[in-house]
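# Survey of secondary and tertiary structure
Chain by chain, the residues run as shown.
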Amino acid sequence: MSSDPYSDRGNKDLSLGNASKMSTATPVRPGGEARAAPGGPFLIGENMTGGYGNGPDILHDCTIAVDKGEIAVIVGPNGAGKSTGMKAVFGMLNLRQGHVRLDGEDITQLTPQARVAKGMGFVPQTSNIFTSLTVEENLEMGAFIRTDDFRDTMTQIYDLFPILKEKRYQAAGELSGGQRQQVAVGRALMTQPKVLMLDEPTAGVSPIVMDELFDRIIEVARTGIPILMVEQNARQALEIADKGYVLVQGANAYTGTGKDLLADPDVRKSFLGG
Amino acid sequence: MDLLNAIVALLNFVVVPAMAYGSQLALGALGVTLIYGILRFSNFAHGDTMAFGAMVTVLVTWLFQSWGVSLGPLPTALLALPFGILGCMGLVLATDRMVYKFYRAQKAKPVILVIVSLGVTFILNGLVRFIIGPDDQNFADGERFIISARTFKEMTGLEEGLAVKTTQGITVVTAVVVVALLFWFLNRTRTGKSMRAYSDNEDLALLSGINPERVVMITWLIVAGLATIAGVLYGLDKSFKPFTYFQLLLPIFASAIVGGLGNPLGAIAGGFVIAFSEVGVTYAWKKVAGYVLPESLAPDGLIQLLSTDYKLAVSFVILLIVLLIKPTGLFQGKSI
């Protein structure tokens, strides 16, 4: 039995409540403000140390950055803290040390919602769509913070992912894996973000769909949106990356351009299978 | 002619009362299901929230009656209803701020919130009885019947009469309007969609910039409205007695679970399933059978399956059957 009085005991009974859909994140608390911090890359999580709730540290002095017009890719073995690093940059967990800066502002104290308003878009690895909502409603929810007319953006997204236009009135949960990922990316693009963060966009899709998704991601990057991405298919991802980070146990192990990392014998041996 | 008489008797004693009761249960179950879908726990305090809202309405109704304000043939309570809703909204927002918010911040699991809501139940229970007393209160006024049994008999020349009480008519009409408004809100408006999104996936709602505290607040406000309307309609139709609202909790939960917890459509269907079975099982079918069956087969007994004292057992049994056979409810439950 855990010592946490608010733990999971006795929560399997669905007539008492629906714990499965509860938030698991421990986001930055409201009330913080952004401070000017000029210089540096467009988006950087600098010397980040932290973990979930009061749990142990998962990130140790980890730095991830992406600059305008770039694709940055985070690779590493399972449990290296890749997804945690992304969440930390997005404010989904409290940092004990380190800073997150976006476009010349220190946003470490901002809530995730406030970061969305500042122009960050994030596609989580799992449960990244609203399954019971239609495709169109998913996109509308992506544009939740926008008060202007977002129909143009929606048209653009339907142009980028034509299959979504066909299925716009279908519940997103009924779509295939690849189509779901397109909904997820589309949802994040609805805010017209200044930077897009993707956590394993190709997880669980077939190789053909994966190639197509990569093409779409490059297409998005060409429109000038910097992309920070976690990827399991390290080789393929590093090939399109301007910048690559190899994380091991929550810390930076290797950093360099995608080509450098692909050529680095240590990286090849440890992470790319020779 | 006999068949017509049978149908009228059936309408009078089963269909009309069950429609009204079903509407009241459906409104109550909608409140429970919204809390379940969005705050993710079974709110045991719902019955007493209904009692509180109804109590404020009763008090304001008495005030209006003392001023001589009335709505003519309609009950004055309808005029007082908005004030009751406002009072109830104030109450639920205060309890949320003082009680539930703390547990949300701890990310307390539903089982804890259920027990917390039980505590809130007892406080509200005491509060309502402290203010208005534990006895029956009468606050219905205006015209009593839309059609009384006698007028109906004179009009049609049938042996059986059909009485429709004003309160029954109001109940059904109000329920239809409220449910239509609620569904329009949930499916068509930006705020309603954000509530469904939050119910579907809390973390992703956060990433989309949806403010959880705002969603929770709006949910409480809607639930307060639904609870007060359900409470007042029930009070008008039967009578206002604080303890009956606590007892209503069982059929309301049965409705919500039978329909599929978290599914608003299910809550409505569940409300009618429970109401019709409760009324049907406790009704003495002798009269209807007497009209329909040939003389030789006419029953000796009342053909009443259960005494009305056991009507609460009906909800229990239906609940058990559903949980055994289709645990997710008639409609797929668990998210709005």
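Residues numbered from 1 in each chain as written. Chains lettered and ligands numbered in written order. Predicted model: local features only at pLDDT ≥ 70, side-chain atom pairs only at ≥ 80, totals over all residues.

### What about the overall build of chain A?
We apply this condition: Counting from the N terminus, the helices are DSSP H or I runs at least four residues long and the strands are E runs at least two residues long. Radius of gyration means the value over C-alpha atoms here, while the globule rule gives 2.2 Å times the residue count to the 0.38 power. For every residue, the other C-beta atoms within 10 Å of its own C-beta are counted; 20 or more classify it as buried, 12 or fewer as exposed, and values in between as partly exposed. C-beta atoms are placed from the backbone.
A count of helices and strands for chain A gives 10 helices and 11 strands. The C-alpha radius of gyration of chain A comes to 19 Å, within 12% of the 19 Å expected for a compact globule of 274 residues. The principal-axis extent of the C-alpha atoms belonging to chain A is close to 50 × 50 × 40 Å. Burial status across chain A gives 43% buried among its 274 residues.

### Focus on the overall build of chain B
Across its full length, chain B holds 13 helices and two strands. Here the C-alpha atoms of chain B give a radius of gyration of 21 Å, agreeing with the 20 Å that 2.2 N^0.38 yields for 336 residues. If one aligns the C-alpha atoms of chain B with their principal axes, the spans along those axes are about 70 × 55 × 35 Å. Residue burial in chain B is summarised as follows: out of 336 residues, 48% are buried.

### Notes on the interface of chain B and chain A
In plain terms, the rule: A pair of residues counts as a contact when their C-beta atoms, built from backbone coordinates, are separated by no more than 7 Å. Ten residue types, Ala, Val, Leu, Ile, Met, Phe, Trp, Tyr, Cys and Pro, are classed as nonpolar, four, Asp, Glu, Lys and Arg, as charged, and the remainder, Gly among them, as polar.
Opposite the 33 residues of chain B that make contact, chain A presents 34 residues. Its residues assigned to classes, the side of chain B that touches chain A comprises 15 nonpolar, nine polar and nine charged.

### Looking at unusual backbone geometry
Residues and elements named next belong to chain A. Of note in this structure, Asn-47 is not a glycine but carries a positive phi near 50°. Along the chain, Asn-47 falls in strand 2 (residues 43-50). You will see that Ser-127, though not glycine, has its phi angle at about 35°, which is positive. Summarising the element assignment, Ser-127 is placed in the loop between strand 7 (120-123) and helix 3 (135-142). Residue classification places Ser-127 among the partly exposed residues on the basis of 15 C-beta atoms within 10 Å.

### So, the environment of Tyr-291 of chain B
Residues and elements named next belong to chain B. Along the chain, Tyr-291 turns up in helix 12 (residues 286-292). A residue is classified by how many C-beta atoms lie within 10 Å of it, and Tyr-291, with 19 of them, is partly exposed. In the structure, Tyr-291 is positioned 269 residues away from Gly-22 in sequence and 27 Å away in space, judged by C-alpha atoms. With residues near it in sequence (within four places) discarded, Tyr-291 still touches Asp-2, Leu-3, Asn-5, Ala-6 and Ala-9.

### Describing the packing of helix 2 (residues 46-67) of chain B against helix 10 (residues 242-259) of chain B
All names here are of chain B. Here is the rule we go by: Note on geometry: axes are C-alpha line fits, over the in-contact stretch for helices, and angles between N-to-C directions span 0 to 180 degrees. Roughly parallel means an angle under 35 degrees; roughly antiparallel means over 145; roughly perpendicular covers 65 to 115; every other angle is labelled oblique. Each helix crossing is assigned a hand: it is left-handed if the near helix lies turned anticlockwise from the far helix by less than a right angle, otherwise right-handed if that turn is clockwise.
Helix 10 packs onto helix 2 with a crossing angle of 140° between their chain directions and a minimal axis gap of 7 Å. When the axes of helix 2 and helix 10 are compared, the pair comes out oblique. Once helix 2 is placed against helix 10, the crossing between them reads as right-handed. Mapping the contact onto sequence places His-46, Gly-47, Asp-48, Met-50 and Ala-51 in helix 2 and Pro-242, Tyr-245, Phe-246, Leu-248, Leu-249 and Ile-252 in helix 10. Residue composition of the contact of helix 2 with helix 10, grouped by class: eight nonpolar, two polar and one charged.

### Some points on the domain arrangement of chain A
All names here are of chain A. The criterion, for reference: Each domain's extent was defined by an automatic or database domain assignment.
You can read the domains of chain A as domain 1 (28-119 + 194-204 + 213-269) and domain 2 (121-192). Taken over C-alpha atoms, the centre of domain 1 sits 22 Å from the centre of domain 2. On the domain 2 side, the residues contacting the 15 residues of domain 1 number 13 residues. Those elements that provide at least two residues to the side of domain 1 that touches domain 2 are helix 1 (82-90), helix 2 (112-117), strand 8 (195-199) and helix 7 (207-222). Of all the elements, strand 8 adds the most residues to the side of domain 1 that touches domain 2, at four residues. Classifying every residue of the side of domain 1 that touches domain 2 by side-chain character gives nine nonpolar, two polar and four charged.

### Here's the deal with the sheet that holds strand 4 (residues 71-75) of chain A
All names here are of chain A. Inclusion rule: When DSSP locates at least two bridges between a pair of strands, those strands are taken to pair.
Spatial strand order, 7-8-9-4-10-11: six strands in an open sheet with mixed pairing. Taken across any chain shown, the strands that pair with only one partner, and hence form the sheet edges, are strand 7 and strand 11 (251-256). Each strand axis lies, on average, 15° off the axis of its neighbour in the sheet, ignoring direction. With four bridges joining them, strand 7 and strand 8 adopt parallel strand pairing. Across the sheet, residue Gly-121 finds its bridge partner in strand 8, namely Leu-196. Relative to the sheet, helix 6 (residues 177-189) contacts strand 7 and strand 8, its axis offset from that of strand 7 by approximately 165°.

### Quick look at the nonpolar core
Short version of the rule: A set of buried residues drawn from Ala, Val, Leu, Ile, Met, Phe, Trp, Tyr and Cys, joined through C-beta atoms within 7 Å, is what defines a nonpolar core.
One finds Val-73, Met-197 and Leu-228 of chain A together with Cys-88 and Val-223 of chain B to be the most contacted residues of the largest nonpolar core, which totals 167 residues. Taken domain by domain, the makeup of this core includes at least three residues from each of domain 1 (28-119 + 194-204 + 213-269) and domain 2 (121-192) of chain A. In contact with Val-73 of chain A, other than residues within four places in its own chain, are Met-229, Glu-231, Ala-237, Leu-238, Ala-241, Gly-244 and Gly-258 of chain A.

### Considering the sheet that holds strand 5 (residues 95-102) of chain A
Each strand in a sheet pairs with another by means of backbone hydrogen bonds, the pair being arranged parallel or else antiparallel. Read from one edge of the open sheet, five strands run 1-6-5-2-3 (chain A), paired in antiparallel fashion. Both edges of this open sheet fall to strand 1 (35-36) and strand 3 (59-66) of chain A, since each of them pairs with a single strand only.

### Focus on the confidence of the model for chain B
Note the following rule: You can read pLDDT as the predictor saying how much it trusts each residue, on a scale of 0 to 100.
Summary statistics for chain B give a mean pLDDT of 90 and a share of 99% for residues scoring 70 or more. Scoring the predicted complex yields pTM 0.89 and, for the interface, ipTM 0.85.

### Here we look at helix 3 of chain A
With seven of its eight residues buried, helix 3 of chain A lies for the most part within the structure. Along helix 3 of chain A, the residues that are buried comprise Val-135, Glu-137, Asn-138, Leu-139, Glu-140, Met-141 and Gly-142 of chain A. Considering only its buried residues, helix 3 of chain A is in contact with helix 4 (151-160), helix 5 (162-166) and helix 6 of chain A together with helix 7 (190-200) of chain B.

### Some details on the environment of Ser-239 of chain B
Looking at where Ser-239 of chain B falls in the secondary structure, it is placed in the loop between helix 9 (212-237) and helix 10. Leaving out residues up to four positions away in the same chain, Ser-239 of chain B has contacts with Asp-136 and Asn-138 of chain B.

### A word on the packing of helix 1 (residues 2-38) of chain B against helix 11 (residues 264-282) of chain B
All names here are of chain B. As a packed pair, helix 1 and helix 11 sit with axes 7 Å apart at the nearest point and diverge in direction by 145°. As helix 1 runs across helix 11, the sense of the crossing is right-handed. Contacts between helix 1 and helix 11 involve Val-14, Pro-17, Ala-18, Tyr-21, Gly-22, Leu-25, Ala-26, Ala-29, Leu-30 and Thr-33 from the first element and Pro-264, Ala-267, Ile-268, Gly-270, Gly-271, Phe-272, Ile-274, Ala-275, Phe-276, Val-279 and Gly-280 from the second. Its residues assigned to classes, the contact of helix 1 with helix 11 comprises 16 nonpolar, five polar and no charged.

### With respect to the confidence of the model for chain A
In this model, chain A carries a mean pLDDT of 87, and residues with pLDDT of at least 70 account for 95%. Per-element mean pLDDT across chain A ranges from 82 in helix 10 (residues 265-271) of chain A up to 94 in helix 3 of chain A.

### With respect to helix 10 of chain B
Residue and element names in this part refer to chain B. Rules: Expected helix span is given by 1.5 Å per residue-to-residue step, counting one fewer step than there are residues.
The end-to-end C-alpha separation of helix 10 is 26 Å, in line with the 26 Å expected for 18 residues at 1.5 Å each. With 14 of 18 residues buried, helix 10 is to be regarded as a mostly interior element. Among the residues trailing helix 10, Gly-260 stands out with phi positive, at a value near 115°.

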